[in-house]
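# Coordinate analysis (summary)
Chain residues, written in single-letter form:
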Amino acid sequence: QKYIAYPPELAWEVFDVPAVAAAGRNIAQEQDARRCLRFVDDFAAAAEADVLFTSGCLQYLERSLAEMLASLSRLPHWVLVNLLPLHDSHEYWTVQSIGKALCPYRIQRKSIFLADLERLGYEVLDTWDNAEKRCEVAFSPERKVEGYFGAALRLKPASSR
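Everything quoted here is computed from the prediction, not taken from an experiment. (Residues numbered from 1 in each chain as written. Predicted model: local features only at pLDDT ≥ 70, side-chain atom pairs only at ≥ 80, totals over all residues. Heavy atoms only, no water.)

### What to know about the overall build of the chain
Short version of the rule: Only DSSP runs of H or I with at least four residues qualify as helices, and only runs of E with at least two residues qualify as strands; both kinds are numbered from the N terminus onward. Burial classification: accessible surface area is computed with a 1.4 Å probe over protein chains only, and a residue below 20% of its type maximum counts as buried, one above 50% as exposed, and the rest as partly exposed. Only the protein chains shown count as covering a residue, and every accessible area follows the Shrake-Rupley method with a 1.4 Å probe. Think of it this way: Lys and Arg go in the positive column, Asp and Glu in the negative one, and His and the chain ends go nowhere. Here the site of a charge means NZ on Lys, CZ on Arg, CG on Asp, or CD on Glu.
If you tally the helices and strands in the chain, you get three helices and nine strands. Reading the chain from its N end, one meets helices and strands in the order β-α-β-β-α-β-β-β-β-α-β-β. Judged by the C-alpha coordinates and their principal axes, the chain covers about 50 × 45 × 30 Å. In the chain, which comprises 161 residues, the share counted as buried stands at 35%. With an accessible surface of roughly 10,200 Å², the chain has 54% of that area assigned to carbon and sulfur atoms. Mean positive and mean negative side-chain charge positions of the chain (19 and 22 charges, respectively) differ by 1 Å.

Next up, the structure:
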């Protein structure tokens, strides 16, 4: 809001695990005077979204983005993906150290990730690399990810539910 005048009907909805969503609701209650920021812990709320934006979180989820989208009653018109580790030839789970904890970490195969979204009716408009991000897998150099993936996808008109 410091740089852009948002339209009055613009709303942000953040999906996260229940504890983070609850904390977000409390912060929004205190700091969001326009009441345009909501936190939810049920992905079904994404059926109301025009734009679904994800950055740096899909690798922690058990289900793929396509599986989650397929569960919705209505698909978002736009999907923006950023900071996603994808591999050209391998799909696997590993463990990421975040300092004080170890987290399951999913690396998906790029061709499968994109094909699954295309099957839902999305077309890829653009892709980019986040070259500063990488994933090293101990004792398996062939599974290293050099640069994380980003993409802008649009739902083809005939694919809307």
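### Details of a nonpolar patch on the surface
Worth spelling out the cut-off: Residues qualify for a patch when their relative accessible area is over 30% and they have no salt bridge, like charges being joined within 9 Å and the nonpolar side chains of Val, Leu, Ile, Met, Phe, Trp and Tyr within 5 Å. Salt bridge, as applied in this entry: a Lys or Arg side-chain nitrogen positioned within 4 Å of an Asp or Glu carboxyl oxygen.
Taken together, the side chains of V51, F53, W78 and L125 define a hydrophobic patch exposed on the protein surface, amounting to about 370 Å² of accessible area. The exposure class assigned to F53 is exposed, which follows from its relative accessible area of 55%.

### Some details on the pattern of salt bridges
On inspection of all chains with the given rule, the structure shows nine salt bridges. Here D116 and R119 are joined by a salt bridge, their closest N and O atoms 2.3 Å apart. Of this pair, D116 and R119 both sit in helix α3 (residues 110-119), three residues apart, roughly one helical turn. Judged by relative accessible area, which is 23%, D116 ranks as partly exposed. Classification of R119 by relative accessible area gives exposed; the value is 63%. Through salt bridges with shared partners, a single ionic network connects R134, E136, K144 and E146.

### Considering the sheet that holds strand β3 (residues 51-55)
Condition: Two strands pair if DSSP finds at least two bridges between them. To define axes, lines are fitted to C-alpha atoms, for helices over the stretch in contact only, and angles between the resulting N-to-C directions are given on a 0 to 180 degree scale.
Taken together, the four strands give an open sheet; going across it, the order is β3-β4-β9-β8, and neighbouring strands pair in mixed fashion. Both outer strands of the open sheet, β3 and β8 (122-135), are each paired with one neighbouring strand and no more. Looking at each pair of strands side by side, their axes are set apart by 10 degrees on average, direction ignored. Sheet topology places β3 next to strand β4 (residues 78-84); five bridges connect them, and they run parallel. Residue pairing in the sheet places S55 in a bridge with N82 of β4.

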